[in-house]
Amino acid sequence: MNQIVFNLISATFGALATYAFGEWNELLSLFLMAILVDYVTGIAASMKEQHGLNSQVGYWGLTRKGLMLLVIMLAHRMDTLMDTDLMMTGAIYFYLANEFISITENYGRLGLPLPSFLKQMIQVLRGKEEGL
């Protein structure tokens, strides 16, 4: 019985994710990884600076990330309506650039060096963000 419930929940989640974001691609995976890294590095930076963890700040951080995913979902639905791939891709690049900038700031707060290839990637994404 537990296996059936697990399969039903997994299938429902998969169907909802496919409806919301379409075919899964590497850009979406990179964006979700960036969200996770930004959140974790933000927590680590706050702990290092001995500011402590503030549930209010954490709540709004998660809410902001959820709203980014909501905009990307809406962009996918607009792409579906207009038979394009532009809206969702553009929205992801926009938010991805912001996430990378935030990660860079968190790394600075932690005193960690940032590899040059990541710095270059951020510059490329900043250029795409300005082109939107």
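Details of the structure are given in the entry above.
Numbering of residues starts from 1 in every chain and runs along the sequence as written. Predicted model: local features are reported for residues with pLDDT of at least 70 only, side-chain atom pairs are reported and counted for 80 or more only, and whole-chain, interface and lining totals are derived from all residues. Only heavy atoms go into the side-chain values, all of them from the structure, while hydrogens and water stay out.

1. Quick look at the packing of aromatic side chains
- Side-chain rings of Phe, Tyr and Trp (the six-membered ring for Trp) are treated as a pair once their centres are within 6.5 Å; stacked means planes under 30 degrees apart, edge-to-face means over 60, and tilted covers the remaining angles. Applying the stated criterion across every chain yields a total of three aromatic pairs.
- Measuring from centroid to centroid gives 6.5 Å for Phe21 and Trp24, while their planes differ by 85 degrees, and the two rings are edge-to-face.
- Taking relative accessible area as the criterion, Trp24 reaches 42% and is therefore assigned partly exposed.
- Between Tyr59 and Trp60 the ring centres are 5.0 Å apart and the planes differ by 75 degrees, which places this aromatic pair in the edge-to-face class.
- On the basis of relative accessible area, Tyr59 is assigned to the partly exposed category, the value being 48%.
- Working definition: with a 1.4 Å probe on protein chains only, accessible area under 20% of the residue-type maximum means buried, over 50% means exposed, and in between means partly exposed. Relative accessible area serves as the criterion here: at 49%, Trp60 is assigned to the partly exposed category.
- A ring is scored as having a charge over it whenever the NZ atom of a lysine or the CZ atom of an arginine sits within 6 Å of its centre and within 35 degrees of its normal. If you follow Arg77 out to its NZ or CZ, it ends over the ring of Tyr19, 4.0 Å from the centre.

2. With respect to the pattern of salt bridges
- Salt bridge criterion: a side-chain nitrogen from Lys or Arg within 4 Å of a carboxyl oxygen from Asp or Glu. For the structure shown, the criterion picks out five salt bridges.
- Among the salt bridges present, the one from Glu49 reaches Arg109, with a minimum N-O distance of 3.0 Å. Of this pair, Glu49 sits in the loop between α2 (26-48) and α3 (55-82) while Arg109 sits in helix α4 (residues 86-110), and the two are 60 residues apart along the sequence.
- Residue Glu49 is classed as partly exposed on the basis of its relative accessible area of 31%.
- On the basis of relative accessibility, which here comes to 30%, the residue Arg109 falls in the partly exposed class.
- We note a salt bridge from Lys65 to Glu99, for which the minimum N-O separation is 3.0 Å. Here Lys65, found in helix α3, pairs with Glu99, found in helix α4; they are 34 residues apart in sequence, far enough to count as distant. For the purposes of this entry, the term helix denotes a DSSP run of H or I that reaches at least four residues, the term strand denotes a run of E that reaches at least two, and both are numbered from the N terminus.

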